[in-house]
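Below, each chain spelled out in residue letters.
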Amino acid sequence: NHTLLTEFVLSGLSNHPELQRLLFFTFCLIYTTTIIGNLLIFTVTLHPALCTPMYFFLRVLSFLDISTASIVVPKMLVNFLSEDRSISYMGCATQLYCVIFFAATECYLLAAMAYDRYVAICNPLRYAIIMNSRVCLALVLLSCCSGNVVSVVQTAWVFTLPFCGPRKINYFFCDIPPLIMLSCTDTSLYEKQIITATVLVIFTPFCLILVSYACIVSSILKISSAEGRHKTFSTCSSHLTVVTLYYASGTLIYLRPKSGNSQYTKKVLALIYTTIIPTLNPLIYSLRNKDMKGVL
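Residues numbered from 1 in each chain as written. Predicted model: local features only at pLDDT ≥ 70, side-chain atom pairs only at ≥ 80, totals over all residues. Heavy atoms only, no water.

### So, a nonpolar patch on the surface
Part 1 of the reasoning: On the surface, L245, I276, L280 and L283 cluster together into a nonpolar patch covering about 280 Å² of accessible area.
Part 2 of the reasoning: If you tally residues by element for the nonpolar patch, the top one is helix α9 (residues 263–287), at three residues.
Part 3 of the reasoning: The residue I276 is located in helix α9 in this model. (Patch = residues over 30% accessible without salt bridge, like charges linked within 9 Å, V, L, I, M, F, W, Y side chains within 5 Å. Areas by Shrake-Rupley, 256 points an atom, 1.4 Å probe, with all protein chains shown as cover. Salt bridge = Lys/Arg side-chain N within 4 Å of Asp/Glu carboxyl O. Helix = DSSP H or I, 4+ residues; strand = E, 2+ residues; numbered from the N terminus.)

What follows is the structure, encoded as structure tokens:
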């Protein structure tokens with residue numbers, strides 16, 4: 001007796017009515033800051049003084065951050081003030097696809113940015129030749145294509161599951177872990193493929209980043225002056241901060257989709273990569289970058 005679901009209901013961040021308006025204004029402020037900050041980064045890096053591969057990747061990162069936040073936050077803001085928190089079946093599938101696409105693309109882009117820093121520090125004389133505009137564009141397109149493949153496969157697999165239980169999603173957007181919990185069939189096979197996808201999307205780029213930074217640290221240690229070492233490492237510290245936050249939150253959510261952390265903990269972790277990190281990225285990259293502060 002399977003019931004065909006035509007819509008889901010998002011429970012949101014909190015079930016306490018007295019907190020809804022406070023949460024609305026808080027996340028409205030966060031979302032506004034995200035949009036303004038990333039648009040500012042996007043605009044500033046168009047300056048002729050910042051026409052380098054690093055700032056090209058940073059512009060793409062800002063676009064991905066705006067996109068990720070815009071897929072999740074507006075619907076969440078509406079649900080804070082509305083009693084109707086439903087989302088259509090196709091709307092849920094579309095949201096899941098977009099979130100996975102932008103998140104996976106950002107994972108691969110962060111690896112490309114690490115490679116850019118490796119070439120800049122370890123092969124400075126050949127940097128302009130190796131990281132030419134064609135290579136930079138190819139790395140971005142490869143990141144997008146990889147993110148699209150992962151997103152299509154994950155979304156298709158999740159929405160082939162029979163949803164015959166309650167239609168309430170204990171989350172603030174449509175994501176894989178809460179959706180597979182609504183399925184009335186054995187999802188062990190799907191959990192294994194999610195773990196496989198996590199390895200491909202998070203651990204593989206992360207290993208490439210570790211290799212890049214191992215070579216970078218080796219080169220930095222060869223610099224004789226302490227000031228030179230500090231200046232060189234400061235160009236990488238912002239990227240390392242973002243990588244740590246982004247990959248750690250994604251790993252804790254998707255490595256064990258139906259067990260491990262509580263649902264509340266997963267909501268907090270999901271907030272980090274969908275809402276908090278897009279807000280912090282402009283601050284992290286602008287406040288620690290003298291060239292960007294000079295252009296501003």
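Picking up where we left off.
### Concerning the UniProt feature "transmembrane region" (unreviewed entry) in the protein
Part 1 of the reasoning: As annotated by UniProt and renumbered to match this structure, "transmembrane region" (unreviewed entry) occupies residues 22–44, 56–74, 94–115, 135–159, 194–221, 233–256 and 268–287.
Part 2 of the reasoning: Secondary structure across residues 194–221 comprises 100% helix and 0% strand; the distance between its end C-alpha atoms is 39 Å. (UniProt positions renumbered as here; feature names shortened; annotations may be inferred.)

### Observations concerning helix α1 (residues 20–44)
Part 1 of the reasoning: Taking 1.5 Å of rise per residue, the 25 residues of α1 would be expected to cover 36 Å, and the 36 Å separating its terminal C-alpha atoms lies within 8% of that figure.
Part 2 of the reasoning: All of the buried residues in α1 are Q20, L23, F24, F27, I30, Y31, T34, I35, G37, N38, I41 and V44. (Expected span 1.5 Å × (residues − 1). Buried < 20%, exposed > 50% of the residue type's maximum accessible area, 1.4 Å probe, protein only.)

### Some details on the pattern of salt bridges
Part 1 of the reasoning: Applying the stated criterion across every chain, the model contains two salt bridges.
Part 2 of the reasoning: E7 is paired through a salt bridge with R167; the nearest N and O atoms lie 2.8 Å apart. Separated by 160 residues along the polypeptide, E7 in strand β1 (residues 7–10) and R167 in the loop between α5 (133–158) and β3 (168–169) bring together distant segments of the chain.
Part 3 of the reasoning: By relative accessible area, R167 is classed as partly exposed at 36%.

### Re the state of the cysteines
Part 1 of the reasoning: In this structure the tally under the stated criterion is one disulfide.
Part 2 of the reasoning: Not part of a disulfide, C98 finds its nearest cysteine sulfur in C174, a span of 11 Å.
Part 3 of the reasoning: Residue classification places C98 among the buried positions, given a relative accessible area of 16%.
Part 4 of the reasoning: The closest cysteine sulfur to the non-disulfide-bonded C122 is located on C215, 5.7 Å from its own sulfur.
Part 5 of the reasoning: Among the residues examined, C122 registers a relative accessible area of 22% and is labelled partly exposed. (Disulfide = S-S within 2.5 Å.)

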